[in-house]
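Structural overview
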Amino acid sequence: APAAAFAPVAPAAPAPGPKKPAAAKKSDEDFKAGDRVSISTHKKFEGRLGTVVRLNMPWVVVHVDGESEVGSFRKTSLIALDAGDPDALTPGALEPAAPLAAP
């Protein structure tokens, strides 16, 4: 009787371990209706403050202070303000510093 040919068997792959949590990105900021935000990058509203109206993924709908309409912004264009200071000024809303006098 002919000898049976045996092919080498590859070892079994190790069982997958628990998934590592993804690193949080800057754009993963969670906004909720009523949150106060500063608009960091926008052609018309940069430096303005507003209130989040609702989330419409991937957009955040914001009522910009002093405007009658709401606008949609990407999360990456918004900075959450401290909940304890709803009127916090952002760098874009502050007056520029006076130039230093020459000695």
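Calculation criteria
Residues numbered from 1 in each chain as written. Predicted model: local features only at pLDDT ≥ 70, side-chain atom pairs only at ≥ 80, totals over all residues. Heavy atoms only, no water. Helix = DSSP H or I, 4+ residues; strand = E, 2+ residues; numbered from the N terminus. Pairing = 2+ DSSP bridges. Phe/Tyr/Trp six-rings, centres within 6.5 Å; stacked < 30°, edge-to-face > 60°. Buried < 20%, exposed > 50% of the residue type's maximum accessible area, 1.4 Å probe, protein only. Lys NZ or Arg CZ within 6 Å of the ring centre and 35° of its normal. Contact = heavy atoms within 4.5 Å. Axes fitted to C-alpha atoms, helices over the stretch in contact; angles between N-to-C directions.

**What about unusual backbone geometry?**
With an omega dihedral of 0°, the bond running from Met 57 to Pro 58 counts as a cis peptide bond. Counting through the fold element by element, Pro 58 comes out in the loop between β2 (49–56) and β3 (59–64).

**Brief notes about the pairing of β3**
The pairing of β2 with β3 spans six bridges and is antiparallel. Bridging across to β3, Val 52 finds its partner in Val 62. When β3 meets strand β4 (residues 70–74), the two strands line up antiparallel, connected through five bridges. Within β4, the position partnered with Trp 59 by the bridge is Arg 74. Hairpin remark: β3 followed by β4, antiparallel, with five residues in the connecting loop; positive phi at Gly 66, about 85°.

**Here we look at the packing of aromatic side chains**
Enumeration over the complete set of coordinates arrives at one aromatic pair. Plain terms: the ring middles of Phe 45 and Phe 73 are 6.1 Å apart, the flat faces sit at 75° to each other, and that makes the pair edge-to-face. With a gap of 28 residues between them, Phe 45 in the loop between β1 (36–39) and β2 and Phe 73 in strand β4 connect regions that are remote in the sequence. The exposure class of Phe 73 is buried, given its relative accessible area of 2%. In this structure, Arg 74 packs its charged tip against the face of Trp 59, placed 4.1 Å from the ring centre.

**Here we look at the environment of Ala 33**
If you trace the backbone, Ala 33 turns up in the segment before β1. Overall, Ala 33 belongs to the exposed group, its relative accessible area being 59%. It is 5.0 Å that separates the C-alpha atoms of Ala 33 and Val 53, two residues lying 20 residues apart in sequence. When sequence neighbours within four positions are dropped, the list of residues in contact with Ala 33 reads Val 52 and Val 53.

**What to know about the sheet that holds β3**
Read from one edge to the other, the open sheet built from five strands follows the order β4-β3-β2-β1-β5, with strand pairing classed as antiparallel. With partners counted over all chains shown, the strands left at the sheet margins are β4 and β5 (78–80), one partner each. Across this sheet, the average inter-strand angle for adjacent strands is 45°, counted without regard to direction.

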